[in-house]
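# Observations on the three-dimensional arrangement
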Amino acid sequence: MKKSLLTIFGLMVLLCLPTSAQELNLKGIGHNNRHDDGEQMTSEYLGWNTQLQKAIFLVENGIYKMTWDGMELTTPTRDPKVIKSEVLSSDEKALWANNFNLMYGNSGAVYVDGLLVTVMSRDEQSTVDEELFNVRLWDAKTGNMLATYTLPKNMFLESAGMSYNPKDGKVYGLFYISESALPKEITEDPEYFTDEDDKDFDREGQDAGYAICTIDLNTFKVTPITKGLYYHNFITFAINSEGRAFALTSGGSSAPVAEDGRQYDIDNKLTGAQLCEFDLETGKMIMTPYTAYDEASQPYTAYKYPVGATGYSSQYRRQSACFSKSNPNIMYWNGYYNSGKGIGAGGSWTTLPDSEDGGRTKSWKTNGKYDTALYQVDITTGKATRLSKISDRWIFSALWVDGDDPSDGSGFVALGIDKTKAQQATGSKAIYNLQGQQVKSKGHGLYIVKDGDKTRKVMM
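The sections below set out a description of the structure shown in this document. (Residues numbered from 1 in each chain as written. Predicted model: local features only at pLDDT ≥ 70, side-chain atom pairs only at ≥ 80, totals over all residues. Heavy atoms only, no water.)

### Quick notes on unusual backbone geometry
Of all residues except glycine, most have a negative phi; of all peptide bonds, most are trans. A cis amide bond, omega 10°, links Asp-79 with the succeeding residue Pro-80. Looking at where Pro-80 falls in the secondary structure, it is placed in the loop between β5 (77-78) and α2 (84-89). Backbone geometry places Asp-392, a non-glycine residue, at a positive phi of 65°. Tracing the chain through its elements places Asp-392 in the loop between β24 (384-389) and β25 (395-401). (Helix = DSSP H or I, 4+ residues; strand = E, 2+ residues; numbered from the N terminus.)

This is the structure in structure tokens:
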């Protein structure tokens, strides 16, 4: 009896011991970066598919996963996998794999409850304004391309990031708005052409800036909420499960790196990339007022960020961030290892070179100029922790926590549906694809089921 009690007591003690860090499974849309001998992702030509009338390539674009176990980060691997033998033996697989050529979010991407939206901006020198953006919808589990659209420049689909708000069911983003077609709410705002930090600076004539906007994923219409524009170097945008919206700036501090890997200013405060929070109702950045004094010792109201900087500088290139549904206070950030600076050959802090010896050596492969990393940012303080470098310098145009994203379970169904066509259909439990076309036979993929006045998203 005593032995049994001791055994039970021992088991209870073991159960009470702290467990290891919870495994974090992240997924993202792989974006081109310097992880090989050039800037572009590699591709392999497999041949001409007569049935599809397409040249088939294996490319590196697609959905990637990586796992952080509290100690190590796995190398990003494509998920779902693309198996060369299957691509060569199946027309369906060949088309599916070839579509990964188009999973390219150089102007932004967003994950919403199992769906992905990528925005690719084409080179303006090789296209017309009416065909600048290619927007595509994807099944986040299978990688199937569900729909594709070509949209004009004046839809302002370039963003520093988009994210789903679970509190109101809308998708928001920091969109880059061109001055030529700004709404009156912006151009007639008396504060639009002023800078609180520089009274002599006039914003008039500036090309564009960022605004908090909503995006309707039926029409892809972008609606600014911000009355003015922000000219920060924003690199991410993410909303947590509480509906709070955050963005990071690139930082770009010239401060040297301390022993703990972070950067500090002359007051020994963290510097580098700044965490910013936005009020989604007004579109304004949340700032804290305080009393400051001018040169004549006269008081005036100034504003500062509510939290400090992250301590790490990153580059002004496309990056991504996300939250898990279960932890609204930690933001995961896929950024660069540094701002492209470091200790140069002369021993001074300087911009690291791309190449040396007249271009004969790829010094960026060894000097860390384009290395990437996974960080976690505490939104209560702004302080970031670098968890790990990311193998092969992967960078992502969207990032989400697999199985624990704030949008999961939301039943968000509106992506790409042609409402007019859907409303013309009669009868209960009609089934449509994401382009609004009613279908009778169903292949594997994502569909909209209309049951009376209700619609729901179904994977078949």
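Now, onward.
### A closer look at the pattern of salt bridges
The tally for this structure, following the rule as stated, stands at 10 salt bridges. Taking the shortest distance from any N to any O, the salt bridge between Asp-371 and Arg-393 comes out at 2.9 Å. One end of the pair, Asp-371, is in the loop between α5 (364-367) and β23 (372-378); the other, Arg-393, is in the loop between β24 and β25, and 22 residues separate them in sequence. Bridged by salt links that share partners, the residues Asp-371, Lys-389 and Arg-393 form one connected network. (Salt bridge = Lys/Arg side-chain N within 4 Å of Asp/Glu carboxyl O.)

### Here we look at the sheet that holds strand β14 (residues 234-239)
The strand order across the open sheet built from 3 strands is β14-β15-β16, with neighbouring strands paired in antiparallel fashion. Two strands close off the open sheet at either side, each with one partner strand: β14 and β16 (275-278). Going across the sheet, the axis of each strand differs from the next one's by a mean of 25°, ignoring polarity. Here strand β15 (residues 245-249) pairs with β16 via 4 bridges, running antiparallel. Looking at the pairing, Phe-246 lines up with Glu-277 of β16. (Pairing = 2+ DSSP bridges. Axes fitted to C-alpha atoms, helices over the stretch in contact; angles between N-to-C directions.)

The values are spatial; any link to function lies outside them.
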